[in-house]
Every structure is written in C-alpha cells, then in structure tokens.
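Structure assessment
So the chains spell out like this:
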Amino acid sequence: MSKNVVSKKPDSSEFRGARVVVTGASSGIGQAIAVRTANSGASSVLVHYRKNREGAEQTAEMLRQQGTEVFLTSADLSDPDQAEQLVDAAWNQLGHVTTWVNNAGADVLTSKSAELDFQSKLRLLLEVDLVNTIGLSRLVADRMLKQTAAVSGSNVPPSMTFIGWDQAPAGMEGDAGQMFGPVKAAVMAYANSLAQTLSPHVRVNTVAPGWIQTAWGQSTSEYWNQRARSQSLMARWGTPQDVARAVCFLAAPGNTFCTGQTLNVNGGWNRRPDHLGGD
Ligand SMILES: NC(=O)c1ccc[n+]([C@@H]2O[C@H](COP(=O)([O-])OP(=O)(O)OC[C@H]3O[C@@H](n4cnc5c(N)ncnc54)[C@H](OP(=O)(O)O)[C@@H]3O)[C@@H](O)[C@H]2O)c1
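Procedures and definitions
Residues numbered from 1 in each chain as written. Predicted model: local features only at pLDDT ≥ 70, side-chain atom pairs only at ≥ 80, totals over all residues. Heavy atoms only, no water. UniProt positions renumbered as here; feature names shortened; annotations may be inferred. Near = heavy atom within 4 Å. Polar contact = N/O pair within 3.5 Å; in protein donor to acceptor, adjacent residues only side chain to side chain. Areas by Shrake-Rupley, 256 points an atom, 1.4 Å probe, with all protein chains shown as cover. Helix = DSSP H or I, 4+ residues; strand = E, 2+ residues; numbered from the N terminus. Nonpolar A, V, L, I, M, F, W, Y, C, P; charged D, E, K, R; others polar. Axes fitted to C-alpha atoms, helices over the stretch in contact; angles between N-to-C directions. Parallel < 35°, antiparallel > 145°, perpendicular 65-115°, else oblique. Left-handed = near helix turned anticlockwise from the far one by under 90°. Contact = heavy atoms within 4.5 Å. Pairing = 2+ DSSP bridges. Right-handed = clockwise from strand over helix to strand, strands pointing away. Buried < 20%, exposed > 50% of the residue type's maximum accessible area, 1.4 Å probe, protein only. Core = buried A, V, L, I, M, F, W, Y, C linked by side-chain atoms within 4.5 Å.

- The protein has the name 3-oxoacyl-[acyl-carrier-protein] reductase FabG in an unreviewed UniProt entry, where Stieleria varia is given as its organism.
- Per its UniProt entry, the protein bears the Sequence similarities (unreviewed entry) comment "Belongs to the short-chain dehydrogenases/reductases (SDR) family."

Written as structure tokens, this is what we have:
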C-alpha cells in the first residue's frame, strides 16, 4: 500500500477491521455508506448492485483508494433466489460479516419502472424493499447468530441497519405517499421486531431519510425542489453523505448499547406554516 493511500485515511477508525455489506451500493445513499465505512477503517466491503456495474466499479475504486478490500456482487432482489445467493456470497467472500446495511430499494420514479401503473410499482416495491429484504435479513440473522459463537475473541455484536422513510408513519398525499408510505412503514416495523428478536446478539436499527437529493431529486420539478428545501428546518436537501453519517453512527461496532432505534435524517421537519419566513 502506498504512503499516499494511507494518508487519505481519516483519524476515525470506528470500523477498524469491520467486514461490511451494503446493498444497493452502486449509487446514491448506498455508495456514500460504503465509502464512509471504508473511510472509517473497514477492512473489507461487499458492494452489492443489481445492474449498474459502472456505478459499482466507481464505488469499489473509491474504497480501494482507502486500502479496503472490495468484493462486487450483483443480485436482483426482486428474486428471492438471488437474495439467498447474495447472503452465500457475502459469507463466502468475507468469512464473517460485522455490519450489514439493507439499503437497496426499487427505483419507481426515474427508471423504466416509472412507466409502470400504480399497482405494478407497488408490487415491485413490496417485493424488493419489503418481502425479499425481510427474507434476506432472516438469512443474514441466522448467519450472524451462528458466527457470534464462532468468531473467537469477539464479543461485539454484529449489526443490521435498514433504510425507511421519515414520512412513512404519518403519510404523504399522492401516489408516491401511497406507495412508499406503506412499504417503508412496514420496513421500519419489521426492523423493530427483528431488533426484539435478535437482542442481545445482533443489533438492528433504522435510518429514515427525508428529502435526499439522489437521482430523482436532481431532475425533479421546481415545485418539489422548493418543497424539499422548505420542509426541512435546515432549508436544504439532504445529501447521501448526511444519511451515511447516521447509518455509520448506528452501525459502528462500538455503539453496543444502541438497538431498536429509528433515526430520522431530514434536517428537522419544518412545522412552521409559513415554512421559512416569519418570526
Ligand atoms: N433519496 C431519497 O430521498 C430517499 C428517501 C427515503 C428513503 N430512501 C431509500 O434509500 C435507499 C437508497 O435510495 P437512493 O435514493 O440512493 O436510490 P438509488 O441511487 O436509485 O439507489 C438504489 C440502489 O438500489 C439498487 N436496486 C434497485 N432495484 C434493485 C433490485 N431489484 N435488486 C437489487 N438492488 C436494487 C440499485 O442498484 P442498480 O442501480 O445497480 O440496479 C441501487 O444501487 C432506497 O431504499 C430508497 O427507497 C431514499
């Protein structure tokens, strides 16, 4: 490893020696999470993607520059068999997993899937974000419980982190609210039940992002641009890095008293009727 690469490592080493899996790490929030774990000392990261190989390679390159060992694995999580293969690949490649982040989510806003009708979009979200993410998580849980006994010298519980949505519990008007609301609320509810089930052996937490400027936010209308900014007390869009910071806080191996929690990352919800103005 060159001196240059070593000098890029920040002081923080919260993830030193961690073996990390981030699903949907080929772009947006997942890419930022993978990069932050590497910056914080992770030794190995599995970068999962579905079809954006170029994006996954870009993530991998950023991780390698930190001296992190990288594995790339493609799996379409609308297919339960591929979800199972991803879990097998993770344990085969990493040996054991300390940190699993369920970030992948179907894009029904900007991809070809945006042309589907409401019911088809809802089914896709349910399959990818909920049903197969639950199936995957149950397999991950089994492996983590077995490895906890097997990994010698480690009494640090591994963690799983889920991605919800800040507006899911209260609801939002329109088709997007009616699709993402029930799906992400169920993801958040599942994560809480999994935390109850797996304690004290595996920690499970959720990050619930607000308006985060990924693909949809970069190309959306002026109306949504203004709305995203004005609904946050911080008067701006969130960034993938804002979300990654929260995920890494919850998932950090040393954060051993933190489980069953949901952390909103939305800049603080703005309840003032005039949004940004007023005294
Ligand atoms: N952006 C926001 O404002 C916001 C707010 C709340 C929650 N979230 C959630 O945050 C997560 C990340 O979102 P993002 O904005 O970063 O989106 P993104 O850039 O579109 O990333 C989505 C990731 O999920 C993967 N993915 C999509 N469909 C998949 C499938 N069928 N099987 C496996 N992987 C699949 C994609 O892989 P490929 O591209 O390689 O196919 C990509 O890596 C999602 O769960 C999303 O619902 C986002």
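Resuming the write-up.
Thoughts on the site of the ligand
- Near the ligand, the surroundings consist of 28 residues, among which Ser26, Ser27, Leu77, Asn103 and Thr214 are the closest.
- Ser27 places a polar side-chain atom, nitrogen or oxygen, 2.8 Å from an oxygen atom of the ligand.
- The separation between an oxygen atom of the ligand and a polar main-chain atom of Asn103 is 2.8 Å.
- Within the complex, 88% of the 890 Å² of free accessible area of the ligand lies under protein.
- Among the elements of the structure, α2 (28-39) and β2 (44-49) are those that each provide at least two residues to the shell around the ligand.
- Within the shell around the ligand, the residues separate by chemical class into twelve nonpolar, twelve polar and four charged.

Considerations on the packing of α2 against helix α3 (residues 53-64)
- It is the contact of α2 with α3, at a shortest axis distance of 9 Å, that shows an interaxial angle of 15°. One element, α2, and the other, α3, form an angle in the roughly parallel class. Viewed along their axes, α2 and α3 form a crossing whose handedness is right-handed. Touching Gln31, Ala34, Val35 and Ala38 of α2 are Gly55, Gln58, Thr59, Met62 and Leu63, all from α3.

Notes on the pairing of strand β3 (residues 69-74)
- Of the pairings in the sheet, the one linking β2 to β3 comprises six bridges and is parallel in character. The residue bridging Tyr49 from the neighbouring strand is Ser74, located in β3.
- With α3 bridging β2 and the parallel β3, this β-α-β connection has right-handed handedness.

Quick look at the environment of Gly55
- Here Gly55 lies in helix α3.
- When its relative accessible area of 6% is taken as the criterion, Gly55 is described as buried.
- Spatially, the C-alpha atoms of Gly55 and Ser27 are 5.9 Å apart, while their sequence positions differ by 28 residues.
- With residues near it in sequence (within four places) discarded, Gly55 still touches Ser26 and Gln31.

With respect to the sheet that holds strand β4 (residues 99-102)
- Read across the open sheet, the seven strands follow the order β3-β2-β1-β4-β5-β6-β7; overall the sheet is parallel. Whereas interior strands pair on both sides, the edge strands pair on one side only; in this sheet they are β3 and β7 (262-265). Taking each pair of neighbouring strands and ignoring which way they run, the sheet shows an average axis angle of 15°.
- Strand direction decides the pairing type here: strand β5 (residues 159-163) and strand β6 (residues 203-209), joined by five bridges, are parallel. Residue pairing for β6: Met160 is matched across the bridge by Val204.
- On the sheet, helix α4 (residues 80-94) packs against β1 (19-22), β2, β3 and β4 and is oriented at approximately 155° with respect to β2.
- Contacting β4, β5, β6 and β7, helix α9 (residues 240-251) runs over the sheet at an angle of about 165° to β6.

Some points on the nonpolar core
- The biggest cluster of nonpolar side chains holds 45 residues, and the ones touching the most others in it are Trp100, Met160 and Val204.
- When residues in this core are grouped by element, the largest group, ten residues, is from helix α6 (residues 174-198).
- Excluding residues that lie within four positions of it along the chain, Trp100 makes contacts with Val21, Thr23, Leu86, Val87, Ala90, Trp91, Leu136, Val140, Met144, Ser159, Met160 and Thr161.
- Counting 34 residues, the second-largest nonpolar core is a separate cluster that includes Ala32, Val35, Ala42 and Leu72.

Describing the side chain of Thr133
- Tracing the backbone through its elements, the reader meets Thr133 in helix α5 (residues 118-150).
- When its relative accessible area of 5% is taken as the criterion, Thr133 is described as buried.
- For Thr133, the side chain forms a polar contact with the main-chain oxygen of Val128, separated by 2.7 Å.
- At 3.2 Å, the side chain of Thr133 and the backbone oxygen of Asp129 are in polar contact.
- The contact partners of Thr133, leaving out residues within four places of it in the chain, are Asn102, Glu127, Val128 and Phe162.

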